[in-house]
Structures are given as structure tokens and as C-alpha cells.
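# Observations on chain architecture
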Amino acid sequence: QVQFVESGGGSLQPGGSLRCSCAASGSSFMTFRMAWYRQSPVKEREYVAIITTRGQTTYKDSVKGRVTISKDDDKNMMYLQLTSLHADDTAVYYCNAPTSIRQWGPGTQVTVSS
């Protein structure tokens with residue numbers, strides 16, 4: 001009965017970088033395909049990146065080349081490295097299992113502005 005807690009967001013200027021983290025309890029990332037999502041008042045929830053149990057990755061076209069998804073199965077941690085950020089990346093970032101959605105965690109806010 002997995003639960004997710006996201007962290008690592010913050011406020012930064014365009015062109016900046018940060019890393020978001022997702023901690024899972026009650027299960028293992030080895031069991032599920034995992035994904036990062038984002039949502040804002042002007043943008044419906046969308047996936048940003050997906051990582052399979054074998055470590056294969058897929059990225060949304062709008063972020064491809066600017067983000068890297070990774071995980072540490074021993075720690076039940078997943079990460080999203082964000083680079084070259086712009087204002088359109090402003091959103092609350094969430095993690096979940098796209099194949100079978102669990103309860104959403106609190107998310108972590110990323111705000112990009114000059």
C-alpha cells in the first residue's frame with residue numbers, strides 16, 4: 001500500500017536547475033513503472049517522464065533534453081533533474097505509478113520567474 005512524498009522543489013530564475021525527489025513507502029519501485037507528473041492552475045495534469053522497473057525512460061516532448069528521471073531501488077527513491085527551466089515549467093510536481101494510480105502525494109512546487 002504505497003504512499004508517495006515529493007520534495008526538492010523551489011523558486012528559481014529562468015535557465016536554472018533543481019532536482020525533485022520522490023520517496024515511496026509500503027512498496028518498492030521494482031514493482032511498478034513510475035512517473036513524474038506536473039499540474040498547475042493553467043495546465044491539466046500531464047506526465048513529464050516515465051521510468052520502468054528495468055530503468056527504461058520516456059520523456060514528454062516539451063521537456064525532452066531538459067530533464068532526467070532516475071531511481072534508487074534500494075532507497076525507494078526516485079528523482080527528476082530539471083535543467084534549463086522556463087516559466088512554462090512552473091507547476092506542482094507529483095510522482096505516481098501510471099499503470100495503476102495510487103493516492104497522490106502532496107507534490108512539490110516548482111516556480112520559475114525572473
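None of the values given here were measured: they were computed from a predicted structure. (Residues numbered from 1 in each chain as written. Predicted model: local features only at pLDDT ≥ 70, side-chain atom pairs only at ≥ 80, totals over all residues. Heavy atoms only, no water.)

### Considerations on the overall build of the protein
Helix and strand content of the protein: zero helices and ten strands. Along the chain direction, N to C, the helices and strands of the protein fall in the order β-β-β-β-β-β-β-β-β-β. The C-alpha atoms of the protein give 13 Å as radius of gyration, which agrees with the globular expectation for 114 residues (13 Å, within 12%). If one aligns the C-alpha atoms of the protein with their principal axes, the spans along those axes are about 40 × 25 × 25 Å. Relative to its full complement of 114 residues, the protein shows a buried share of 45%. Taking as baseline every contact in the protein between residues at least 6 positions apart, the subset at least 24 positions apart corresponds to 54%. As displayed, the protein offers around 6000 Å² of accessible surface, 46% of which is attributable to carbon and sulfur atoms. The centroid of the 12 positive side-chain charges in the protein is displaced by 3 Å from the centroid of its 9 negative side-chain charges. (Helix = DSSP H or I, 4+ residues; strand = E, 2+ residues; numbered from the N terminus. Rg over C-alpha atoms; globule rule 2.2 N^0.38 Å. Buried < 20%, exposed > 50% of the residue type's maximum accessible area, 1.4 Å probe, protein only. Contact = heavy atoms within 4.5 Å. Areas by Shrake-Rupley, 256 points an atom, 1.4 Å probe, with all protein chains shown as cover. Lys, Arg positive; Asp, Glu negative; His and termini not counted. Charge placed at Lys NZ, Arg CZ, Asp CG, Glu CD.)

### Looking at the state of the cysteines
Applying the stated criterion across every chain yields a total of one disulfide. Disulfide partner of Cys-22: Cys-95, at an S-S distance of 1.9 Å. The chirality of the disulfide connecting Cys-22 with Cys-95 is right-handed, given an S-S dihedral of about 70°. Taken as a pair, Cys-22 in strand β3 (residues 18-25) and Cys-95 in strand β9 (residues 91-96) lie far apart in primary sequence, 73 residues in all. For the pair shown, Cys-22 and Cys-95 are each scored as buried. We note that Cys-20 lacks a disulfide partner, and the nearest cysteine sulfur, in Cys-95, lies 9.9 Å from it. Taking relative accessible area as the criterion, Cys-20 reaches 0% and is therefore assigned buried. (Disulfide = S-S within 2.5 Å.)

### Considerations on the nonpolar core
Of all hydrophobic cores here, the largest spans 27 residues; its most connected members are Trp-36, Leu-80 and Leu-82. Listing elements by their share of this core, those giving two or more residues are β3, β4 (34-40), β5 (43-51), β7 (67-72), β8 (77-82), β9 and β10 (108-112). Among the elements that make up this core, the one with the highest residue count is β3 (four residues). Once residues within four sequence positions are removed from consideration, Leu-82 is found in contact with Gly-16, Ser-17, Leu-18, Cys-20, Arg-66, Val-67, Tyr-93 and Val-110. (Core = buried A, V, L, I, M, F, W, Y, C linked by side-chain atoms within 4.5 Å.)

### Brief notes about the sheet that holds strand β1 (residues 3-7)
Strand order across the open sheet formed by four strands is β1-β3-β8-β7, with antiparallel pairing between neighbours. Two strands bound the open sheet, and with one partner strand each, they are β1 and β7. Looking at each pair of strands side by side, their axes are set apart by 15° on average, direction ignored. Pairing of β1 with β3 involves five bridges; the strand directions are antiparallel. (Pairing = 2+ DSSP bridges. Axes fitted to C-alpha atoms, helices over the stretch in contact; angles between N-to-C directions.)

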